[in-house]
Amino acid sequence: MQNALVQIKTDNIHDELIQLVSFNLDQEEYGVDVLKVREIIRMPIVTRVPNTPHYVEGVINLRGKVVPIICMRKKFGLVESENDKQTRIMVMDMDGELMGFIVDAVSEVIRISGSEIQPSPAMVAGGIDQECIAGVINQAERLLVLLNLEKMFSRDEKNMFTGM
Amino acid sequence: MPPIDCEDQELLDGFLAETTELLEKLDDDLITLEKSSDDTDLMNRIFRSIHTIKGASSFLGFDLLVKVAHKTEDVLNRLRKGELVVSPEIMDVILEATDLVKLLVSDIKAGDIQERETDGTINKLLPFLLDTAGVSKPVASAPQADEQQVSTPETAEVTSPQPQSPTATDLPSPAVEREAPIDSPPIQPSVAVAQVPVPKPASDVAPKKAPAPPKPAEGKGDDLSDNSTVRVDVKRLDDLMNQVGELVLERNRMIQINQDLQQNDVNRADFNEEFGKLTKRMSFVTSELQMQVLKMRMIPVEKVFKKFPRIVRSMSRDLGKEVDLQIIGEETELDRSVVDEIGDPLIHLIRNAMDHGLETPDERIEAGKSRCGTLVLAAVHEGNQIIISIKDDGRGIDTERVGRKAIERGLITEDQFATMSQREVFDLLFLPGFSTKEKATDLSGRGVGMDVVKTNIKKLNGLIEIKSTKGLGSEFILRLPLTLAIIQSLLVEVEGEIYSIPLSSVLETIRVDQRKFHLIGGQEVLKLRDIVLPLIRLQKVFNVQPRGESDDFCYVVVVGAAEKRMGLVVTRLVGQQEVAIKSLGNYLANIPGIAGSTILGDGRVALIIDPVAMSEVCE
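Bear in mind the structure is a predicted one, so any value in this text is a computation, not a measurement.

The rules we used
Note on numbering: residues in each chain are counted from 1, in written sequence order. Naming scheme: in the order in which they are written, chains are lettered from A and ligands are numbered from 1. For a predicted model such as this one, the threshold for reporting local features is a pLDDT of at least 70, and the threshold for listing and counting side-chain atom pairs is 80 or more; totals across whole chains, interfaces and linings nevertheless cover every residue. Side-chain measures were taken over the full set of non-hydrogen atoms in the model, leaving aside hydrogen atoms and water. Strands here mean DSSP runs of E at least two residues long; helices mean DSSP runs of H or I at least four residues long; both are numbered from the N terminus. Categorising residues by exposure relies on relative accessible area from a 1.4 Å probe, with only protein chains included: less than 20% of the type maximum marks a residue as buried, more than 50% marks it as exposed, and the intermediate range marks it as partly exposed. Working rule for contacts: check all heavy atoms of both residues, and any pair within 4.5 Å makes them a contact. Note that accessible areas follow from Shrake-Rupley with a 1.4 Å probe, and for residues the cover is restricted to the protein chains shown. Salt bridges are defined as contacts in which a side-chain nitrogen from Lys or Arg sits within 4 Å of a carboxyl oxygen from Asp or Glu. Accessible area that two parts lose when put together, with a 1.4 Å probe and added across both, is what the buried area reports. For two strands to count as paired, DSSP must find a minimum of two bridges between them. Interaxial angles span 0 to 180 degrees and are taken between N-to-C directions of axes, which are lines fitted to C-alpha atoms, for helices over the stretch in contact. On a range of 0 to 100, pLDDT expresses the predictor's confidence in each residue. Pairing of aromatic side chains here covers Phe, Tyr and the six-membered ring of Trp, requires ring centres within 6.5 Å, and sorts the geometry by plane angle: under 30 degrees stacked, over 60 edge-to-face, intermediate tilted. The criterion is that NZ of a Lys, or CZ of an Arg, lies within 6 Å of the ring centre and within 35 degrees of the ring normal, and then a charge sits over that ring. Note on terminology: a nonpolar core comprises buried Ala, Val, Leu, Ile, Met, Phe, Trp, Tyr and Cys residues joined through side-chain atoms within 4.5 Å. Roughly parallel covers angles under 35 degrees, roughly antiparallel covers those over 145, roughly perpendicular covers 65 to 115, and oblique covers all other angles. Crossing chirality is assigned from the near helix's rotation relative to the far helix, an anticlockwise turn below a right angle marking it left-handed and a clockwise turn marking it right-handed. Residue type decides the class: Asp, Glu, Lys and Arg count as charged, Ala, Val, Leu, Ile, Met, Phe, Trp, Tyr, Cys and Pro as nonpolar, and the leftover types, Gly among them, as polar. Patches here: salt-bridge-free residues with over 30% relative accessible area, like charges joined within 9 Å, nonpolar side chains (Val, Leu, Ile, Met, Phe, Trp, Tyr) joined within 5 Å.

Colleague: Tell me about the overall build of chain B, residues and numbers included.
Modeller: Counting its regular elements, chain B contains 22 helices and 18 strands. Each of the 619 residues in chain B was classed as buried or not, and the buried ones make up 47%. For chain B, restricting intrachain contacts to residue pairs at least 6 apart in sequence, the fraction spanning at least 24 positions comes to 70%. For chain B, the exposed area adds up to about 30,600 Å²; of that, 52% sits on carbon and sulfur atoms.

Structure below.
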């Protein structure tokens with residue numbers, strides 16, 4: 001009985017439709033689970049927070065809540081660019097805490113079935129940590145990198161955040 | 001034991017709330033009773049409390065609790081009637097019994113009733129119930145003698161409220177009436193149990209009790225009181241409602257003004273005037289509202305203080321010292337968040353005073369003092385701070401000894417010690433791992449105490465100060481903010497960035513010429529009157545990009561952190577503002593020098609500087 005349930009569950013994962021928010025970062029397209037995204041906002045005034053890792057842009061006031069902001073380009077070691085009209089902050093729920101991520105642009109919400117997700121190719125170079133790449137989605141016209149942002153910060157980084 | 005599936009959860013909650021409150025008061029009353037044993041009012045109050053607890057718990061069927069409470073009540077009854085005289089021995093036992101009651105209540109609260117070993121405590125109570133223990137005529141001893149043997153207490157007790165309670169579900173009354181006066185109940189229980197699980201005779205428990213191993217009972221009864229519910233004065237609530245009503249009116253006014261503005265049927269001058277008025281009223285109502293809510297969060301410091309007579313009593317008995325504890329200003333109110341945090345530091349300080357500070361009676365007489373030492377615990381408001389002081393008239397702090405110990409432990413060198421001021425020596429006490437005691441005892445001497453005190457006080461944005469004269473005693477003074485949620489702060493600008501410094505730690509601000517700074521061993525200092533003030537440039541610590549235009553003049557904000565003083569160099573002072581503290585969240589919780597953040601009038605976030613941590617960043 002237990003096993004049967006598990007079986008059904010895993011089956012579901014493969015056939016289930018997943019909704020992703022897709023966003024752009026330095027010409028590549030990425031996707032994150034829509035359920036983790038709380039809201040998408042334009043760039044407000046960011047207050048710099050001293051003595052934090054370079055990719056921590058600062059904090060913003062989100063309707064009375066103070067939310068830390070991470071610059072995705074800096075985090076992934078990409079070339080920095082000026083913020084423009086398209087620049088957005090995706091406010092995500094990270095283990096119960098809100099955190100904002102600066103991205104170049106947010107394009108759309110797409111639906112894919114779980115079976116379309118392929119494991120990421122072993123040799124992804126560059127600054128993106130392997131752990132936070134949950135897979136790639138290879139559709140006819142586009143290639144989407146599926147991110148798991150909760151895994152974005154390694155344990156060390158989390159410690160550094162809190163133990164500095 | 002019956003699981004707590006009381007049909008009426010409300011009833012149980014009510015019982016727990018009431019009992020907890022009674023127990024909290026009881027400790028305090030008992031200690032007072034020991035000092036003034038002829039106070040009949042007090043005696044009666046104590047008796048009533050324990051009687052209420054017994055009654056309520058027997059009604060709900062908490063048999064163990066009933067049993068302990070009942071015996072305690074009996075002893076108290078004899079004290080009340082003058083058959084016994086209050087003595088430390090009796091008090092020891094009664095206090096032990098109340099501890100047990102607390103433990104049992106906390107079990108009930110936690111939802112799992114355990115079989116606790118109660119016989120030990122009960123047996124200690126029994127001798128005081130024997131005729132020989134009393135001083136005069138035996139009155140209520142006949143039924144009591146029976147109970148000691150059969151251990152079926154409350155069925156025999158005619159005055160037990162359990163059967164009479166009309167609310168006790170619908171137990172058929174004949175059964176009740178028969179049960180109450182009859183001395184040997186074993187035939188009855190089955191009937192009673194079958195109908196309701198509530199009023200169950202204690203005899204039912206006795207056989208089950210044997211196999212269950214007694215569980216360790218330490219420490220659990222202490223955290224009985226919890227601060228998850230508040231009692232608020234109805235008047236305060238009404239006031240609050242009034243304020244909210246006004247706020248609603250102002251909001252409507254605001255909507256109106258906005259509409260008029262949208263429809264363009266208002267001229268500029270009128271609008272300005274109207275809006276100005278509105279702003280004033282809004283700010284008035286909001287600050288009133290803030291005061292009200294703040295007041296509601298306030299609880300008297302008594303909540304913490306009332307634990308201490310008990311602690312002091314047991315310590316003085318353990319240490320063989322005589323202590324007179326005086327508590328002043330226990331009605332002083334402060335924010336509950338602060339109250340929750342100061343308990344531990346205060347216990348440490350009191351233990352220290354008892355263990356290190358006060359001498360034994362013999363030593364005191366030798367030193368020409370009265371046998372009995374005094375320990376004064378005082379709380380008082382000063383501005384928007386609360387000051388708590390713990391003062392003893394003991395031997396005081398021996399700076400020589402502290403210094404030698406510190407050298408021994410390699411914390412300082414001989415040379416350093418030679419140049420140290422008294423204040424600096426006292427600061428050594430706060431170093432982690434420092435203790436002058438040769439041997440650690442249960443009470444103190446592990447060298448963690450003062451360190452913990454300092455950390456806790458720091459967490460609360462407080463200051464701690466030591467005053468001590470050798471041979472005459474010492475005083476520990478804690479300065480704490482009234483609340484942690486909203487603070488007065490000084491906004492400063494550092495090269496274009498705004499930071500906020502808690503006003504409670506700001507001592508003064510000065511405008512100085514940068515050319516007056518001196519450099520000592522790479523550390524910038526300022527000569528301020530008779531002290532040499534170490535300076536910290538916020539611009540450097542926070543890596544702020546300089547904006548080019550350099551001015552010879554800058555501002556120095558002198559802050560006091562715990563026992564240190566230092567100057568923060570800023571570009572400009574912006575002003576004083578009341579700010580609400582916002583947490584930076586888990587990810588950014590521990591940035592050195594930053595205590596939190598707040599949101600300014602224009603919606604921007606400003607970081608709040610933690611002066612204490614700042615001093616450590618720079619060390």
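Structure's up, so let's keep going.
Colleague: Please provide a residue-by-residue account of the pattern of salt bridges, values included.
Modeller: Enumeration over the complete set of coordinates arrives at 32 salt bridges over all chains. A salt bridge links R142 of chain A to E29 of chain A, with the shortest nitrogen-to-oxygen separation between them at 2.7 Å. Placement of R142 of chain A in the loop between strand 10 (133–138) and strand 11 (143–147) and of E29 of chain A in strand 2 (residues 28–33) is noted, with a sequence separation of 113 residues between them. On the basis of relative accessible area, E29 of chain A is assigned to the buried category, the value being 15%. When salt bridges with common partners are traced through the structure, they connect R253, E273, E274 and K277 of chain B into a single cluster.

Colleague: Explain the interface of chain B and chain A to me, and be specific about the residues and the numbers.
Modeller: Of the residues lining the interface, 23 residues belong to chain B; the matching set on chain A comes to 25 residues. Between chain B and chain A, a total of about 2,100 Å² is buried, with carbon and sulfur atoms accounting for 60% of that surface. Per-residue buried area on chain B facing chain A is highest for Y587, L588 and V605 of chain B; these three make up 36% of the total on that side. Connecting chain B to chain A are one salt bridge.

Colleague: So, the sheet that holds strand 18 (residues 605–609) of chain B: which residues are in play, and what are the values?
Modeller: Residues and elements named next belong to chain B. Judged by pairing direction, the sheet is mixed, and its five strands sit side by side in the order 16-8-9-18-17 without closing on themselves. Two strands lie at the open edges of the sheet, namely strand 16 (572–580) and strand 17 (594–599), each paired on one side alone. Taken over all neighbouring pairs, the strand axes of this sheet differ in orientation by 35 degrees on average, direction set aside. In this sheet, strand 16 lies alongside strand 8 (residues 486–494) in antiparallel orientation, the contact comprising eight bridges. Bridging from a neighbouring strand, I486 pairs with A580 of strand 16.

Colleague: Residues and numbers for the confidence of the model for chain A, please.
Modeller: All names here are of chain A. Taken over all residues, the pLDDT of chain A has a mean of 79, while the share at 70 or more is 78%. Looking across chain A, the model is least confident in helix 1 (residues 2–15), with a mean pLDDT of 50, and most confident in strand 3 (residues 37–42), with 92. This stretch, residues 1–11, has a pLDDT under 50; its non-local contacts, to residues over four places away or in other chains, come to zero contacts.

Colleague: Describe in detail the packing of aromatic side chains, supporting the description with residues and values.
Modeller: Residue and element names in this part refer to chain A. This structure, assessed with the given rule, holds six aromatic pairs over all chains. When the centroid spacing of 6.2 Å and the interplanar angle of 35 degrees are considered together, the rings of Y30 and F76 count as tilted. With Y30 in strand 2 and F76 in the loop between helix 2 (72–75) and strand 6 (88–94), this pair connects stretches of sequence that are 46 residues apart. Positioned over the ring face of Y55 is K75, at 4.7 Å from the centre of the ring.

Colleague: I'd like a rundown of the nonpolar core, residues and numbers included.
Modeller: Formed by 53 residues in total, the largest nonpolar core has its most connected members in M72, F101 and L147 of chain A. In contact with F101 of chain A, other than residues within four places in its own chain, are I70, M72, R88, I89, M90, M92, M94, L149, M152 and F153 of chain A. Counting residues in each nonpolar core, the second largest holds 48 residues, with M315, L325, L349 and V425 of chain B among its members.

Colleague: Now, about the sheet that holds strand 4 (residues 56–62) of chain A: what can you tell me, with residues and values included?
Modeller: All names here are of chain A. Strand order in the open sheet formed by five strands is 3-6-7-5-4, with mixed pairing between adjacent strands. Only two strands of the sheet have a single neighbouring strand rather than two, namely strand 3 and strand 4. Ignoring strand direction, the axes of neighbouring strands in this sheet form an average angle of 30 degrees. As defined by bridge partners, strand 4 adjoins strand 5 (residues 65–71) across six bridges and the pair is classed as antiparallel. By the bridge assignment, V56 is partnered in strand 5 with I70.

Colleague: Please give an account of the packing of helix 4 (residues 88–110) of chain B against helix 14 (residues 308–319) of chain B that cites residues and values.
Modeller: Residue and element names in this part refer to chain B. Put simply, helix 4 and helix 14 touch, their axes get as near as 13 Å, and they point 130 degrees apart. When the interaxial angle is binned, helix 4 and helix 14 end up oblique. For the pair helix 4 and helix 14, the crossing hand works out as left-handed. Residues P88, E89, M91, D92, L95, D99 and K102 of helix 4 form the contact with helix 14, whose participating residues are R310, R313 and R317.

Colleague: A description of the packing of helix 1 (residues 9–35) of chain B against helix 2 (residues 40–60) of chain B should follow, citing residues and the corresponding values.
Modeller: Residue and element names in this part refer to chain B. Put simply, helix 1 and helix 2 touch, their axes get as near as 9 Å, and they point 155 degrees apart. With respect to helix 2, the element helix 1 is oriented roughly antiparallel. For the crossing formed where helix 1 meets helix 2, the hand is left-handed. When the residues that make up the contact of helix 1 with helix 2 are grouped by side-chain class, the tally is 16 nonpolar, five polar and four charged.

Colleague: Tell me about a nonpolar patch on the surface, and name the residues and values.
Modeller: Residue and element names in this part refer to chain B. A surface patch of nonpolar side chains, about 220 Å² in accessible area, is lined by V230, V232 and L237. Position of V230 among the secondary structure elements: in the loop between helix 10 (205–209) and helix 11 (234–262). In this structure V230 comes out as partly exposed when scored by relative accessible area, which is 45%.

Colleague: An account of the side chain of T332 of chain B is needed here, citing residue identities and associated values.
Modeller: With respect to the helices and strands, T332 of chain B occurs in the loop between strand 2 (323–328) and strand 3 (333–335). Contacts of T332 of chain B, omitting those with residues within four sequence positions, involve I299, P300, V301, A379, V380, H381 and I386 of chain B.

Colleague: Run through the side chain of S22 of chain A, naming residues and quoting values.
Modeller: As for its placement among the helices and strands, S22 of chain A is situated in strand 1 (residues 17–25). Residue S22 of chain A is classed as buried on the basis of its relative accessible area of 0%.

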